[in-house]
Amino acid sequence: QVQLVESGGGLVQAGGSLRLSCAASGRTIRGCAMGWFRQAPGKEREFVAAISWSGLTIYADSVKGRFTISRDNDKNTVYLQMNSLKPEDTAVYYCALDRSSYYRGSQSMDYWGTGTLVTVSS
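The structure presented is a predicted model; accordingly, all values stated were derived computationally and were not measured. (Residues numbered from 1 in each chain as written. Predicted model: local features only at pLDDT ≥ 70, side-chain atom pairs only at ≥ 80, totals over all residues. Heavy atoms only, no water.)

1. Remarks on the side chain of aspartate 89
Which entries qualify depends on this criterion: Secondary structure counts use DSSP, requiring at least four H or I residues in a row for a helix and at least two E residues in a row for a strand, with both numbered from the N terminus. Under the scheme applied here, a residue whose accessible area is under 20% of the maximum for its type counts as buried, over 50% as exposed, and between as partly exposed, the area being computed with a 1.4 Å probe on protein chains only. For this analysis, residues touch if any pair of their heavy atoms sits within 4.5 Å.
As for its position among the elements, aspartate 89 is in the loop between strand E8 (77-82) and strand E9 (91-98). A relative accessible area of 1% means that aspartate 89 is categorised as buried. Those residues in contact with aspartate 89, other than ones at most four positions away along the chain, are Arg38, Arg66, Phe67, Ser84, Val118 and Val120.

2. Overview of the pairing of E8
Taken residue by residue, a regular strand's side chains alternate between the two faces of the sheet. Rules: Two strands qualify as a pair provided DSSP detects at least 2 bridges between them.
For E8, the buried fraction is high: 5 of the 6 residues fall into the buried class. As paired strands, strand E3 (residues 18-25) and E8 are joined by 6 bridges and run antiparallel to one another. Bridged to alanine 23 within E8 is threonine 77. One ladder, built from 6 bridges, connects strand E7 (residues 67-72) with E8; its direction is antiparallel.

3. Details of the packing of aromatic side chains
Two measures describe an aromatic ring pair: the distance that separates the ring centres and the angle between the ring planes. Filter applied, for reference: Aromatic rings from Phe, Tyr and Trp, with only the six-membered ring used for Trp, were paired whenever their centres fell within 6.5 Å, and each pair was classed as stacked if the ring planes differed by under 30 degrees, edge-to-face if by over 60, and tilted otherwise. Two conditions define a charge sitting above a ring: the NZ of Lys or the CZ of Arg must be within 6 Å of the ring centre, and it must be within 35 degrees of the ring normal.
Within the structure shown, the criterion is met by 4 aromatic pairs. One aromatic cluster is present, formed by Phe37, Phe47, Tyr103 and Trp112 through successive ring pairs. One cation-aromatic arrangement involves arginine 19 over tyrosine 79; the distance from NZ or CZ to the ring centre is 4.0 Å. Over the ring of tryptophan 112 we find arginine 45; its NZ or CZ atom is 3.7 Å from the centre of that ring.

4. Re the pattern of salt bridges
For clarity, the threshold we go by: Basic side-chain nitrogens of Lys or Arg form a salt bridge, by our definition, when they fall within 4 Å of a carboxyl oxygen of Asp or Glu.
Per the stated rule, a full pass over the model turns up 7 salt bridges. Lysine 64 is the partner of aspartate 61 in a salt bridge, and the nearest nitrogen-oxygen pair spans 3.0 Å. The class of aspartate 61 is exposed, set by a relative accessible area of 67%. In this structure, arginine 104 and aspartate 98 form a salt bridge, with 2.9 Å as the shortest nitrogen-oxygen distance. The exposure class of arginine 104 is partly exposed, given its relative accessible area of 46%. Each of Arg38, Glu46, Arg66 and Asp89 takes part in a single network of salt bridges with overlapping partners.

So, in structure tokens, the structure goes:
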């Protein structure tokens, strides 16, 4: 059984930083695309960032230049470094795994974590 467990969320002031982690168990993330998504209160879930098996990255325009996604296949973990945080970044952040090598959209993600809450105060 594949499990994704996010951690690292919390309360931070605007302009601050947080690093989210997503630890996978039950299968290796090697060869898989991984993604981060978020859902703010009252809003639909949205794409944040994704990384291919080879390390190619893509970002939502709203986080480009502030967030960095990375992966450590040996630790079976994906990270999201979030800098210059804004109140509008407040959301529950989810990681997800696509058994394909490249990100193909949220609808193609095969496994999801349960999320970690990030709250950015102004």
